[in-house]
Amino acid sequence: MDVEPPTNYSDSASMQSNSEYSDAECEPHIDENEYFHDTEREHNEIAHSVISEIREGLTPGTQNASNGINGKNANTSTNVHKSVSAESLPISNSTSTVSGEIVNSLSAATLDEGDDDDAQFDYMHDSVWRGQKKHIFILSEAGKPIYSLHGNEDKLATLFGVIQALVSFVQHGQDAITSIHAGGIKFVFLVRNTLILVAASRTNMSVAQLQLQLSDVYNQILSTLTNKHVTRIFEKRKNFDLRRSLAGSERLIYHLLSNDSSNKRVTNNVFTFLTNSIRVLPLPTTVRASIVSGIQSNCSKIKDLVFAVLIANNKLISLIRMKKYSIHPADLRLIFNLIECSESFKSSENWTPICLPKFDMNGYLYAHVSYLTDDCQACLLLLSVDPNVFFTLSDAKRRITDKLRSTKSLEAISREIEKPTNGGLNLTAIGIPELRHFLYKPKTAAQLLCSELMPPYTTLKEFERLEGIYCDLLHRIHNSTRPLKLIYEVHEREVVLAWVTAAYELYAVFEPLVDKCAVIKNVDKLIKWIEKEYDVFFIRNHPTF
Amino acid sequence: MATRKKSLLKVIILGDSSVGKTSLMNQYINKRFSNQYKATIGADFCTKEVMADDRVVTMQIWDTAGQERFQSLGVAFYRGADCCVLVYDVTSPNSFKNLDSWRDEFLIQASPRDPDHFPFVVLGNKVDMDNRQVSTRRAQQWCQSKNDMPYFETSAKDGTNVELAFQTIARNALAQEAEVELYNEFPDQIRLNTDRNNRNGNADNCQC
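Residues numbered from 1 in each chain as written. Chains lettered and ligands numbered in written order. Predicted model: local features only at pLDDT ≥ 70, side-chain atom pairs only at ≥ 80, totals over all residues. Heavy atoms only, no water.

What to know about the overall build of chain B
Where we set the bar: Working definition: helices are DSSP H or I runs of at least four residues, strands are E runs of at least two. Numbering for both runs from the N terminus. Summary of the burial criterion: residues with accessible area below 20% of their type's maximum are buried, those above 50% are exposed, and those between are partly exposed, where the area comes from a 1.4 Å probe applied to protein chains only. Contacts are assigned to residue pairs with any non-hydrogen atoms lying within 4.5 Å of each other.
Counting its regular elements, chain B contains 6 helices and 7 strands. Taking all 208 residues of chain B together, 55% fall into the buried category. Across chain B, contacts joining residues at least 24 apart in sequence account for 72% of those joining residues at least 6 apart.

Written out as structure tokens, the structure reads:
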């Protein structure tokens, strides 16, 4: 295996295309003295008073706060902040320091052992609530609660107030708060448009990975309301309670967030999110080709039809698109999420507006959603910009189903869906007994191939460890300040490998006792196997209508 | 969903230092159960659930503290408030005079949509004390001149009128909220334009 020298991604490119990895979770060097030398006198004074104020309210010695605030990392800020924070480094330094102090106050508030009489009603002093591995909070710029993953957000209104104060305070210094590291918890902030999203996590995810998750959640909100609507609401009334508009779609946010081990799930689904990709339902090329032509032939004449998406088991079967348009994996994940948590789609035809933020964050696409047949649980979405074409699309769906039945495609899909190894590739097919699990993502497509979860990773505890290994590998490989091409490590309980070439990214976990030669031989075998079967597991090009 | 949505009101308490803003809040909150939390970063945050007009309303109370030092944070704290409570000390004429600037400051910083009808409530605190210096009439006149703001004389110490004042605060804020229903407008249709560069197209690793 050749190790190529690491190349630096250009900032602008990584911001656009790989924004999920653009933040290197590097600990910025913050010099206390630097802060006091700050020439911005006015700013200094404000900061001073805040610090002293905070100190007064501090419970001494409860938390060991670090100053790991990536406040000045321009890459991860929203667009507005990028330019600002890049120009104001001295200020951001001081702000970070100040926020580091605030950390104490926040963590003291949320983590302090409470001997309050009201404990049973008070989440912040509730051990179950505080013991959650991951919290997600969404609030308006005014500090009004919109969503909390755990607990009644109304009861957490004070916490939301504190979050708003933190965000605003750093904003006041022409900067943006990115993360706070304290007490073994990462607090990650994402300020988008008029919303503030915060993750508080004890999980293995890096700041960048948590930000991607927050950005997925933000997209989910836009998917329901559109950016234009959210903006307009808050333009008109800053005090608007967005829960009124989101009522009924909390389940979508919850489901989106519940794919990982923090929610006690043992599933490969989390890896699609971590690699910003989707998975493809393996099918023989001839079958997929005939499915595509079955859809094409019945849709090509429909005006304003932008996408036809066929999915099953959280995997893509085929995607046919209008010329010049493509779907971003983040948008596809929203579609998968919608299908996954809408049982009602199974029993009837549906017509639903859906905003795909990466496609157009300000408008709705109108989706005809239905499962193909009772005996083939694949779900077809026909997405148009025209809100009045339900019957046209309903008709097209019927014809597509007939066509797929006559070409025996339905059977082929069902056969694949019903395979017991659903959830990943069965490794015994390849014949590498030392390989325990792998992720493979080609460079040319945001598609992921991963192997079935096998013992030992089928228990929650071990899966959590596996998840942690991949989080760590992905984080280091995609570190924007020092991206790596190859990682080979012998851990106590497994040998891990991450390898990036011009053609693919591979992450693999082996038995602990294999030697380097065996790993190289096995990887070689795996890659050859994948290349041979490539068209079964991946879709090279998404055809147009 | 079908259930009547819960309401959350953001209430800002403003006024000179030592007029008793925090004491008022404590009197109000601690009389009954509340999940209380204090963080002294320019403001205290408290939450209280109240019944107003047959609805359960969560009041998120922002008690601004040591305000002169935190003037710069004004926008942040005032943004999106549903009601503003102006507090002065009846034994301190200065604190009464300053209400004008507190009110103006709030309207400038928060820039509510309809400043003339934004719900303010004025509280003259410390009526339990003997050395009163601002007369009820004077205060009432001022309140009337400012679009008839409701006025209460309170004592954070013995609880006089505190409950009543906060009830009014909740009700007035709710009334304001009810006026605007959801902004349901028909969204614009996405315009497909074959010239349009799909903004994420062709970027590495971005297409599925």
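A few points about the state of the cysteines
Using the following cut-off: For the purposes of this analysis, a disulfide is any pair of cysteine sulfur atoms at a distance within 2.5 Å.
Within the structure shown, the criterion is met by 0 disulfides over all chains. Distance from the sulfur of C379 of chain A, which forms no disulfide, to the nearest cysteine sulfur (C376 of chain A) is 11 Å. The cysteine C83 of chain B is free of any disulfide, with C84 of chain B supplying the nearest cysteine sulfur at 7.0 Å. Of the residues examined, C83 of chain B reaches a relative accessible area of 0% and is grouped as buried.

A word on the nonpolar core
Rules: Among the buried residues, those of types Ala, Val, Leu, Ile, Met, Phe, Trp, Tyr and Cys that are joined through side-chain atoms within 4.5 Å form a nonpolar core.
Membership of the largest hydrophobic core comes to 52 residues, with the highest contact counts inside it found for I138, L242 and F271 of chain A. Among the nonpolar cores identified, the runner-up in size contains 32 residues, and V280, L319, C379 and L381 of chain A belong to it.

Concerning the side chain of S223 of chain A
All names here are of chain A. Along the polypeptide, S223 turns up in helix α8 (residues 207-225). Residue S223 is classed as buried on the basis of its relative accessible area of 6%. Discounting chain neighbours no more than four positions away, the residues touching S223 are L334, I354, C355, P357 and Y364.

A short note on helix α7 (residues 157-172) of chain A
Residues and elements named next belong to chain A. Cut-off, in case you're wondering: Helix span, expected: 1.5 Å multiplied by one less than the number of residues in the helix.
With 16 residues, α7 should cover 22 Å at 1.5 Å per step; its first-to-last C-alpha distance of 22 Å lies within 8% of that length. Burial within α7 is extensive, with 14 of its 16 residues counted as buried. Just beyond α7, the residue with positive phi is Q174, at close to 55°.

Details of the UniProt feature "domain: FUZ/MON1/HPS1 third Longin" (unreviewed entry) in chain A
The condition that has to hold: UniProt positions are given in the numbering used here, feature names are shortened, and annotations may be inferred rather than shown by experiment.
UniProt records the feature "domain: FUZ/MON1/HPS1 third Longin" (unreviewed entry) for residues 434-533 of chain A in the present numbering. Spanning residues 434-533 of chain A, this segment combines 36% helix with 30% strand, and its end C-alpha atoms are found 21 Å apart.

Thoughts on the packing of aromatic side chains
Residues and elements named next belong to chain A. In plain terms, the rule: Only Phe, Tyr and Trp rings take part, Trp by its six-membered ring, and two of them pair if their centres are within 6.5 Å. Stacked means planes under 30 degrees apart, edge-to-face means over 60, and tilted covers everything else.
Evaluated as defined, the whole model comprises 24 aromatic pairs over all chains. Their ring planes at 55° and their centres at 6.5 Å tell us that Y364 and Y366 sit as a pair that is tilted. Overall, Y364 belongs to the buried group, its relative accessible area being 14%. By the ring-pair criterion, three or more aromatic residues cluster together here, those being W351, Y364, Y366, F390 and F391.

Some points on empty space enclosed by the protein
Residue and element names in this part refer to chain A. The condition is simple: A cavity, in this analysis, means grid points on a 1 Å lattice covering only the protein atoms where a 1.4 Å probe fits yet has no way out; a pocket is instead an open set bounded by protein on both sides within 12 Å along at least five of seven lines, and a residue lines either one if it has an atom within 4 Å of a point. Grid points are joined across faces, edges and corners, and a volume is the space filled by probe spheres set on the points. Residues are sorted three ways: Asp, Glu, Lys and Arg are charged, Ala, Val, Leu, Ile, Met, Phe, Trp, Tyr, Cys and Pro are nonpolar, and all the rest, Gly among them, are polar. Domain delimitation in this document rests on an assignment produced automatically or drawn from a domain database.
Per the counting criterion, the structure on display carries 9 cavities of 30 Å³ or more. Around the largest cavity sit 18 residues that line it, and N259, N269, T272, F273 and R333 are the ones nearest its centre. Put simply, the parts of the chain that give the lining of the largest cavity at least two residues each are α8, α11 (250-257), α12 (269-274), β6 (278-279) and α14 (329-340). The residue inventory of the lining of the largest cavity, partitioned by class, reads 5 nonpolar, 8 polar and 5 charged. For the lining of the largest cavity, the two domains that each supply at least three residues are domain 1 (127-258) and domain 2 (283-418).

Considering the pairing of strand β2 (residues 145-148) of chain A
All names here are of chain A. Short version of the rule: One bridge is not enough; two strands pair if DSSP finds at least two bridges between them.
Direction of pairing for strand β1 (residues 134-140) relative to β2: antiparallel, over a ladder of 3 bridges. Bridging from a neighbouring strand, L139 pairs with P145 of β2. As consecutive antiparallel partners, β1 and β2 are separated by 4 residues, and within that stretch G143 has a phi angle of approximately 90°, a positive value.

Focus on the packing of α8 of chain A against α11 of chain A
All names here are of chain A. Here is the rule: Angles run from 0 to 180 degrees between N-to-C directions of axes, and those axes are lines fitted to C-alpha atoms, restricted for helices to the stretch in contact. In what follows, roughly perpendicular refers to angles from 65 to 115 degrees, roughly parallel to angles under 35, roughly antiparallel to angles over 145, and oblique to any angle outside these ranges. Crossing handedness: left-handed means the near helix sits turned counterclockwise from the far one by under a right angle, and right-handed means the same turn made clockwise.
In contact at an axis separation of 10 Å, α8 and α11 are set at 155° when each is read in the N-to-C sense. By the angle class used here, α8 and α11 are roughly antiparallel. The interaxial crossing formed by α8 with α11 has right-handed handedness. Contacts between α8 and α11 pair Q213, D216, V217, Q220, I221 and T224 from the former with L252, I253, L256 and L257 from the latter. Grouping the amino acids of the contact of α8 with α11 by side-chain chemistry returns 6 nonpolar, 3 polar and 1 charged.

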